[in-house]
Amino acid sequence: MDERPADRAAPDDGRYGTDLFAPDETGEGERIDYGALAYDTTTRARLTALGVGPGWRCLDVGAGTGTISRWLAEEAGVDEVLALDRDPRFVRARPDGRLRTATADVTDPALAPGRFDLVHCRFVLMHLPGHAEVLARLADWVAPGGWLVVADAVDLTTAHSPQPAYRHAMAAMWQALRERIGTDITWVTRYPQLLRGLGLQEVGAEVHVPPLTPDAPVTAFWRTTWLSMRDALEAGTALEPGELDRALAYLSSPELADLSPGMITAWGRRPAATG
């Protein structure tokens, strides 16, 4: 799959959080939490394997509802977490200062939050046409010896689903996301090369693909996502009349047996200072 040029402009009429998935939309916090329930275990396991814990200063970019920020502060026991988001309304800061929030746009070239032992960014860069520039900026915020951990959606499975309505609805969603807010996941499997090109070491990557079952959080995430996007999905030409409802019914059916799109997580370490 070809990478879209990094300098391609996003659509003029929309971006994540405005044209789609506005934070004040009813149920948006719940939708994000379903995604967190689906993928937090994988993220926590990776951060734990990298040694996150007491003494660390952490930056959580695109903190969402703050599930990873809170875990870092309350369970991993790091010294400080800065949860950065364009709208951090769902993140509750701690009175002891261990978890702070910042309202900021990661694409702002003037943004300079400091240096951190961990910079974590999940499900953000895929929505940004300038992902390469932002990735380089994230790497600059990693302190010597610290880690950059990035994760985004990767869809390796749904094109081969035997269920046409589900297959078509997922394809229509990716198309609508790209047209409305500039989402592009075609480049995310290049994360290891991109991190290595930024001078990071000990680079690694893994992919988690959760199964779809009627009661799984990831199933609820796609159901609520499609309902939130219904107008955008049905305004396009990718779906036949009634096909979205058939796909939604499949997600609730005891006959559901499929694989969700997954999450690719990649990490790399900034070389420690010498001398």
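Structure: above.
Residues numbered from 1 in each chain as written. Predicted model: local features only at pLDDT ≥ 70, side-chain atom pairs only at ≥ 80, totals over all residues. Heavy atoms only, no water.

Asker: Can you lay out the sheet that holds strand β1 (residues 57–61) for me, pointing to particular residues and giving the numbers?
Answerer: Strand order in the open sheet formed by seven strands is β3-β2-β1-β4-β5-β9-β6, with mixed pairing between adjacent strands. Edge positions in the open sheet fall to β3 (99–103) and β6 (201–208), since each of these has one partner strand only. Averaged over all pairs of adjacent strands, the angle between strand axes in this sheet comes to 15°, irrespective of strand direction. Bridge count for strand β2 (residues 80–85) against β3 is five bridges, and the pairing is parallel. By the bridge assignment, Leu-82 is partnered in β3 with Arg-100. (Pairing = 2+ DSSP bridges. Helix = DSSP H or I, 4+ residues; strand = E, 2+ residues; numbered from the N terminus. Axes fitted to C-alpha atoms, helices over the stretch in contact; angles between N-to-C directions.)

Asker: Explain the pattern of salt bridges to me, and be specific about the residues and the numbers.
Answerer: This model, assessed by the stated rule, comprises 13 salt bridges. Residues Arg-31 and Glu-28 are paired through a salt bridge, measuring 2.9 Å at the closest nitrogen-oxygen approach. Taken as a pair, Arg-31 and Glu-28 lie in helix α1 (residues 28–49) at a separation of three residues, close to a single helical turn. We classify Glu-28 as buried; its relative accessible area is 3%. Within this structure, Arg-57, Glu-80 and Arg-100 form a network of salt bridges that share partners. (Salt bridge = Lys/Arg side-chain N within 4 Å of Asp/Glu carboxyl O. Buried < 20%, exposed > 50% of the residue type's maximum accessible area, 1.4 Å probe, protein only.)

Asker: An account of helix α8 (residues 243–252) is requested, with residue identities and associated values reported.
Answerer: What α8 keeps buried is the set Glu-243, Leu-244, Ala-247, Leu-248, Tyr-250 and Leu-251. The buried residues of α8 occupy an angular sector of 155° when projected down its axis, which confines them to one face. Buried residues along α8 sit against α4 (164–181), β7 (211–212), α6 (217–228), α7 (230–235) and β8 (258–259). (Arc of directions from axis to C-beta. Contact = heavy atoms within 4.5 Å.)

Asker: Please set out the packing of α1 against helix α2 (residues 67–76) residue by residue, giving values where relevant.
Answerer: In contact at an axis separation of 9 Å, α1 and α2 are set at 40° when each is read in the N-to-C sense. Classified by the interaxial angle, the pair formed by α1 and α2 is oblique. In terms of crossing hand, the pair formed by α1 and α2 is right-handed. The segment α1 lies against α2, with Asp-33, Ala-36, Asp-40, Thr-43, Arg-44, Leu-47 and Thr-48 engaging Thr-67, Ile-68, Trp-71 and Leu-72. When the residues that make up the contact of α1 with α2 are grouped by side-chain class, the tally is five nonpolar, three polar and three charged. (Parallel < 35°, antiparallel > 145°, perpendicular 65-115°, else oblique. Left-handed = near helix turned anticlockwise from the far one by under 90°. Nonpolar A, V, L, I, M, F, W, Y, C, P; charged D, E, K, R; others polar.)

Asker: Break down the nonpolar core for me, with residues and values.
Answerer: Within the largest apolar cluster, 63 residues are counted, with the highest numbers of intra-cluster contacts made by Leu-125, Leu-138, Leu-148, Val-150, Trp-222 and Trp-226. Broken down by element, this core gets its largest block of residues, 10 residues, from α4. In contact with Val-150, other than residues within four places in its own chain, are Cys-121, Leu-125, Leu-135, Leu-138, Tyr-191, Leu-195, Ile-264, Thr-265 and Ala-266. One finds Ala-63, Leu-72, Ala-73 and Leu-99 within the second-largest nonpolar core, a separate group that totals 20 residues. (Core = buried A, V, L, I, M, F, W, Y, C linked by side-chain atoms within 4.5 Å.)

Asker: Tell me about the packing of α1 against α6, and please be specific about residues and values.
Answerer: Helix-helix packing is characterised by the crossing angle of the two axes and by the distance between the axes. Put simply, α1 and α6 touch, their axes get as near as 8 Å, and they point 150° apart. On the basis of the axis angle, α1 is roughly antiparallel to α6. Crossing angle aside, the handedness with which α1 passes α6 is left-handed. For the pair formed by α1 and α6, the contact residues are Arg-31, Tyr-34, Gly-35, Leu-37, Ala-38 and Tyr-39 on the first element and Pro-217, Val-218, Ala-220, Phe-221, Thr-224 and Thr-225 on the second.

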